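Structural overview for review
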Amino acid sequence: MTYDAILVGGGHNALVAAAYLARAGRKTLVLERRPLVGGAAVTEEVFPGFKFSVFSYVVSLLRPEIIRDLDLPRHGLQILPLESTVVPLDNGDYLGSWADPDLSRRELARHSARDAEAATLFGRLMHHMAMAVKPILGMVPPDPASLAPSDLRGLLSLGGHFRSLGSERFHALHKLMTMSSADYLDEWFEFDPLKATKSASGIIGTFLGPRSPGSAYVLLHHYMGEIDGAFRAWGFQKGGTGAISETIARAARSFGAEIRTGAAVEKVLTKGGRVTGVALGSGEEIAAPVVVSGLDPRRTFLELVDPKELPGELVDAIGKFKFRGSSGKVNLALSELPNFTCLPGFGPHLRGAMSISPSMDYLERAYDDAKYGEFSRNPYMDIVIPSLIDPGMAPPGKHVMSVFVQYAPYALNGGWTDAKREAFGDAVVDTIARYAPNIKSAILGRQVLVPPDIERITGLSEGNIFAGELALHQLFFFRPAPGWARYRTPVKGYWQCGAGTHPGGGIMGASGRLAALEILKEAGA
Amino acid sequence: MLRTTPFHPRTAPLVQGQAWRRWAGYSVASAYELVHDREYAAVRNAAALFDVSPLHKYLISGRDAARLLDRMVTRDLTKCAVGQVMYTPWCDARGKVVDDGTISRLSDRVFRLTSAEPNLRWLSMNGAGMEVAIEEVSERLGALALQGPLSRTILQQLTPADLGALKYFRFIETTLRDIPVAISRTGYTGDLGYEIWVDAARAVPLWDALVEAGMPYGITPAGIWALDLARIEAGLVMLDVDYHSAHHALIEAQTSSPLELSLDWTVSWTKGPFNGQRPLRAEKARGPAWRFVGLAVDWGSLEGLYGEVGLPPQLPTVAWRTSTPVYKDGRQIGYASSGCWSPLLKQYLALAHLQAPHFGAGTSVEMEVTVEHRRRRARATVHAGPFFDPERKRT
């Protein structure tokens, strides 16, 4: 059996790339090491009857053009509403943000009338910023150091785009690209828990605190999905994020792609600076003129191929590419719903996100722990209960709770041990119990995942959920390395399509799509 | 004052935004929550509970009951078995649709008809000289629709009847937690679903039983806004929105035949005489002048139009019901009568009446869209049949 293209790894970006390649008539094979596709977007029955989006747990950024091109709704894409965010406060009160804008404004006005007004203008600015950045998400990064016509064209159109923003928006964008989310939000708001909660999306998946410069951009990255009409907000995929991967896999198969699970690629085979195929852990070799790595940059450049095949500068740059996984995930099987003291009993807040971000200092202190090599004793948490929206995730009347936790540094002082993992799990549960005291007695099962677990299970280096930090020095034409942001590698026929390439993380699929389109363009198809 | 349904004591406290809609002289919830996304999602994901009590309901009984109905409607009622439900339109003598609804055969000589409009006079006129009794039971009978993939699981908790054996468009008389009910496997959402018919006096305990049993399965009371999205996805026609009753039309052009509504499948060409038979045969022979079809608006085209004014596409959150021109090559060839953004299919959909020969599936047309106060035209593709038609609806 011969193939036109082999995808290494079955993460969602690789599946998207495979679908586009197969759609263009390429005989395409996806090789996934695990028994299931999806990478970090997988659903697994961790405890009997309890299904979890084990790692990545919500969706908003999946590119609308991918949904349309691959006809994903017909293959099972079904996004369910995640409508609210509620932040329990330390004084027993709460801050809520609801689906209805008037309700949200009144709620915020309860805490700060000034902020309630500012929120409208802030929302408008973020809309403009997201609109400004949106074309870049669909663009192959030009190389600013290159004089090739395609790069120059790309740079010119980029320059034109920024000029078209007008000075006011350009300045706002500049601030967003350089400031810390804390400083940025200070320019707008006064109610500290509001700022803390908004800034939280600026630290997710990075080794930054809310007061670290550069964190404002990540905040924007999380706003991006809200302007496209496909979702307009964050949501749950029915059946968990693994069902998104399955959906894309079904689309890829419908175009003729072949997907093999339990097939670990050991090496990408090259000859004379050209790719020839892959070798599996089993010893099997499969030939193909195009091999596309969906793995992160470290694995793509330093493990799958022999670094000797690559220019020293690139090896050096990839060596310096920062991963530094900083988040953990705690998945809880519950016998009953948590009872939050700020909003006792059952209520709509339980169907949305509960954010443990009571103050800016709280978040920054959580980061302080991580900065010095400890997990946060009082971590930031984003808590959702998907079984309330999607009853199939847990047995009737029981629930699954997904807790995204930051910080849990990859490089923990003295290294991670089973005891430290459990101590981290205890810190998480203890923190939740401060706001919802019944949680401890409701837990039927607890899965604690820290960065080394994420690395071991998904293969993401250092457990970084974005396949490399979404830091400014690692974005656009720097992602993953200067000169190699156009999905190519120095080995002819060897390509990269994972979230370690532009535009990066979240269940977005853009890296996979852009890579596939570049591959097809090069082939002149 | 508008009337309230037998479920009102339970539904009224749930309507958070006082969003009520008039339906046949009753008030029913447009939406229970301030934003109806979750109510709609329940239809496709779990189970949505709709109060459909305002439907007109008639009991038709007697030796000639089948004969009356068969004479009145376009489907072959003689083939309707006991325990079966048939969806059918009925026409005036010119073959133009008067109303549409369902007919359940309760026994050999007893039928229940549901309709959007009052039909007592029409039934009586058609039954002149027949041995038949016609009784309106609209107020005596409460009706709930439980629609969605988990609807069967929820109902099965409460009834001794084997719902797995209840086929699509069949009904069964049974009990739900000891309350006598009829359960029909019907609905207006294009999904797996049931309608439950109950004595108005037992309506509240029925609601309570369903909500209690449905809680672990995500049962969600849902209003007309959610229903409207689902029925457009399912391509189901709605009286007074997509077409006018021949009895209300002021001019000929306001009437529609079953063929023009793409309801050919409901017209029997082999049965005995029925209202409109001759004109319908003639229409069939020459081919209908209009068809009722789906339109899927092209996203790139819509994005382009909005892009010109610097906006991302602005999508309707509630289904619209405004007649909207549809063009082909610069000439108007029809009109869309309802439309919505489908949260499930991630497509902008419309239901439209198009003139021959432009109604073939795949035909590229243009639909008027108002972009920042200006009338523009977005490309759209003609779609035949439902946009969404899951296997679970039938199996």
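Rules used throughout
- Residues numbered from 1 in each chain as written.
- Chains lettered and ligands numbered in written order.
- Predicted model: local features only at pLDDT ≥ 70, side-chain atom pairs only at ≥ 80, totals over all residues.
- Heavy atoms only, no water.
- Domains from an automatic or database assignment.
- Contact = heavy atoms within 4.5 Å.
- Buried area = accessible area lost by both parts, 1.4 Å probe.
- Salt bridge = Lys/Arg side-chain N within 4 Å of Asp/Glu carboxyl O.
- Nonpolar A, V, L, I, M, F, W, Y, C, P; charged D, E, K, R; others polar.
- Helix = DSSP H or I, 4+ residues; strand = E, 2+ residues; numbered from the N terminus.
- Polar contact = N/O pair within 3.5 Å; in protein donor to acceptor, adjacent residues only side chain to side chain.
- Core = buried A, V, L, I, M, F, W, Y, C linked by side-chain atoms within 4.5 Å.
- Buried < 20%, exposed > 50% of the residue type's maximum accessible area, 1.4 Å probe, protein only.
- Pairing = 2+ DSSP bridges.
- Axes fitted to C-alpha atoms, helices over the stretch in contact; angles between N-to-C directions.

Quick look at the domain arrangement of chain B
Residue and element names in this part refer to chain B.
- Domain annotation of chain B identifies domain 1 (8-55 + 139-222), domain 2 (57-136) and domain 3 (252-256 + 289-383).
- A separation of 25 Å is found between the C-alpha centroids of domain 1 and domain 2.
- At the junction of the two partners, domain 1 supplies 12 residues and domain 2 supplies 15 residues.
- At the boundary of domain 1 with domain 2, total buried surface from both sides reaches about 1,300 Å², with 59% on carbon and sulfur atoms.
- Of all residues in domain 1, Leu55, Phe169 and Phe171 give up the largest surface area on contact with domain 2, accounting jointly for 46% of the area buried on that side.
- Along the contact surface separating domain 1 from domain 2 lie one salt bridge.
- Here Arg140 makes a salt bridge to Glu135, at a shortest N to O gap of 2.6 Å.
- Classifying every residue of the side of domain 1 that touches domain 2 gives seven nonpolar, three polar and two charged.

Some thoughts on the side chain of B:Asp242
All names here are of chain B.
- Take Asp242: it is sitting in the loop between α7 (224-233) and α8 (277-286).
- Within polar-contact distance, the side chain of Asp242 engages the side chain of Arg231 at 2.6 Å.
- Those residues in contact with Asp242 that sit more than four places away from it in its chain are Arg231, Leu236, Val237, Phe292, Ser337, Ser338, Leu351 and His353.

Some thoughts on the nonpolar core
- In this structure, A:Leu220, A:Met401, A:Val403, A:Phe424 and A:Ile432 are the most contacted members of the largest nonpolar core, which totals 99 residues.
- In contact with A:Met401, other than residues within four places in its own chain, are A:Phe52, A:Val330, A:Asn331, A:Leu332, A:Leu334, A:Pro338, A:Ile383, A:Val384, A:Ile385, A:Ile432 and A:Ile439.
- Counting residues in each nonpolar core, the second largest holds 47 residues, with B:Val28, B:Leu227, B:Leu263 and B:Cys340 among its members.

Some words on helix α17 (residues 451-458) of chain A
Residue and element names in this part refer to chain A.
- The element α17 is largely enclosed, with a buried count of six among its eight residues.
- In this structure, the buried side of α17 is in contact with α12 (297-303), β14 (327-334), α15 (418-435) and β18 (443-449).
- Remark: Gly459 follows α17 within two positions and exhibits a positive phi of approximately 90°.

Quick look at the pairing of strand β16 (residues 331-342) of chain B
All names here are of chain B.
- The buried fraction of β16 amounts to nine of the 12 residues, a majority that puts the element mostly inside the structure.
- Between the end of strand β15 (residues 324-328) and the start of β16, which pair antiparallel, lie two residues, with Asp329 showing a positive phi angle near 50°.
- Hairpin connection from β16 to strand β17 (residues 347-355): four residues lie between these consecutive antiparallel strands, with Lys346 at a positive phi of about 55°.

Focus: the sheet that holds strand β12 (residues 193-199) of chain B
All names here are of chain B.
- Here we have six strands laid out as an open sheet, ordered β10-β11-β12-β9-β3-β13, and mixed in their pairing. The sheet terminates laterally at β10 (171-176) and β13 (219-221), the two strands that pair on one side only. Along the sheet, successive strands turn relative to each other by an average axial angle of 25°, direction set aside.
- Where β10 meets strand β11 (residues 179-184), six bridges bridge the pair, whose relative direction is antiparallel. The residue of β11 that forms the bridge with Phe171 is Ser184.
- Contacts from helix α2 (residues 37-45) reach β3 (47-51), β9 (141-147) and β13, with the element oriented near 115° to β3.

Things to note about the domain arrangement of chain A
Residue and element names in this part refer to chain A.
- Assigned domains of chain A: these are domain 1 (5-42 + 52-80 + 239-322 + 467-522), domain 2 (83-112 + 327-407 + 413-449) and domain 3 (118-190 + 201-228).
- On the side of domain 3, 14 residues touch domain 2, which itself brings 15 residues to the contact.
- Buried surface at the junction of domain 2 and domain 3, both sides included, amounts to about 1,200 Å², of which 60% is carbon and sulfur.
- Broken down residue by residue, the surface that domain 2 buries against domain 3 is led by Met360, Glu364 and Tyr367, which jointly contribute 38%.

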